[in-house]
Amino acid sequence: MNTNDVNASGSALFKRGIRNGIPIGLGYLAVSFSLGIAACNVGLNGSQSFWASILCLASAGEFAGFTLIGAGASYLEIAIMTLVVNARYMLMSCSMSQRMSPDTKLFHRFAMAYSITDELFAIAIARPGYLRPEYSYGATLASAPLWGIGTVLGCLLGNIMPVSLISAFSVALFGMFLAVIIPPARKNKVIAVLILICFGLSTAAHYMPSLQSIPTGTKTIVLTIVISALAAIFFPHQTEEESHAE
């Protein structure tokens, strides 16, 4: 990210958000195919799958929701399950709120909260200075619609596509996410070490017999809180004022 982004105009940030959001949107288009197949299997049509996807923007939450729909669960059960599965986004929201200007209006805060996904959060939080709504709007506009469109295509075409091709789509987002975290890791050794620690602890938590009964989402939340808290204590991030003072 360029340091001159801090003083960029709103229109320039919006265009930059669109540019950075396009590759994320293409990844969403591929990955959301599997969501469309799941939606179709529980009886949703193309329109229903599109709105379910565009209003949630969370693969794990949608899979859980579609599974419960197929099981005939109540609205309350679906809402609670979606809240639990997507609880990590509350942590991301807290992190983003600390990077916003105190002058940011409440409307913009709510609008930016809509587009907190793993990938959009990663490119937003990596920007210098205060988080500006124009950038988030551009990135969301370029990526979120493709998430919904991919779900519709999966619902309409998924059942006639080869299984091997569908499996290939499912790993596309992981490669894109690596492209998001590797550049800052190369510039900052602390970030690189923390990423390796996250990978190691996540793998250990997955295979440890004593933790098998704990849901994956819960383990992710606990690890995120513990690792981020320790990183904040031992490697605090300097503000721009502190950096200039040095």
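As shown above, the structure is provided for reference.
Residues numbered from 1 in each chain as written. Predicted model: local features only at pLDDT ≥ 70, side-chain atom pairs only at ≥ 80, totals over all residues. Heavy atoms only, no water.

Draft legend 1. Geometry of the overall build of the chain. Counting its regular elements, the chain contains 13 helices and zero strands. What you see in the chain, going N to C, is helices and strands ordered as α-α-α-α-α-α-α-α-α-α-α-α-α. Considering the chain as a whole, with its 246 residues, one finds that 35% of them fall into the buried category. Nonlocal contacts in the chain, meaning residues at least 24 apart in sequence, comprise 77% of its contacts between residues at least 6 apart. Surface exposure of the chain reaches about 14400 Å², of which carbon and sulfur atoms provide 70%. (Helix = DSSP H or I, 4+ residues; strand = E, 2+ residues; numbered from the N terminus. Buried < 20%, exposed > 50% of the residue type's maximum accessible area, 1.4 Å probe, protein only. Contact = heavy atoms within 4.5 Å. Areas by Shrake-Rupley, 256 points an atom, 1.4 Å probe, with all protein chains shown as cover.)

Draft legend 2. Broad picture of unusual backbone geometry. At L57, a residue that is not glycine, the phi angle is positive and equals roughly 55°. As for its placement among the helices and strands, L57 is situated in the loop between α2 (46–56) and α3 (59–70). The class of L57 is buried, set by a relative accessible area of 6%.

Draft legend 3. The pattern of salt bridges, seen in detail. Under the criterion given, the structure shown has two salt bridges. Among the ionic pairs, R88 bridges to D118, the shortest N-O distance being 3.2 Å. On the criterion of sequence distance, the pair formed by R88 in helix α5 (residues 88–97) and D118 in helix α7 (residues 118–125) is long-range, its members being 30 residues apart. For R88, a relative accessible area of 19% corresponds to the buried category. For D118, a relative accessible area of 22% corresponds to the partly exposed category. Of the charged contacts, one joins E134 and R132 as a salt bridge, the two residues approaching to 3.5 Å between their closest N and O atoms. Overall, the relative accessible area of 26% leaves R132 in the partly exposed class. (Salt bridge = Lys/Arg side-chain N within 4 Å of Asp/Glu carboxyl O.)

Draft legend 4. Examining the packing of aromatic side chains more closely. Under the counting rule described, the total for this entry stands at two aromatic pairs. Summarising the aromatic geometry, the rings of Y28 and W147 are spaced 4.8 Å apart at their centres and angled 85° between planes, so their arrangement reads as edge-to-face. With Y28 in helix α1 (residues 10–41) and W147 in helix α8 (residues 133–157), this residue pair connects regions lying 119 residues apart in the sequence. Residue Y28 is classed as buried on the basis of its relative accessible area, which comes to 2%. Exposure remark for W147: the relative accessible area of 3% places this residue in the buried category. Ring centres 5.2 Å apart and planes at 80° place the aromatic pair F50 and W51 in the edge-to-face group. What makes F50 partly exposed here is its relative accessible area of 22%. The positively charged end of R127 is found above the aromatic ring belonging to Y135, 3.9 Å away from the centroid. (Phe/Tyr/Trp six-rings, centres within 6.5 Å; stacked < 30°, edge-to-face > 60°. Lys NZ or Arg CZ within 6 Å of the ring centre and 35° of its normal.)

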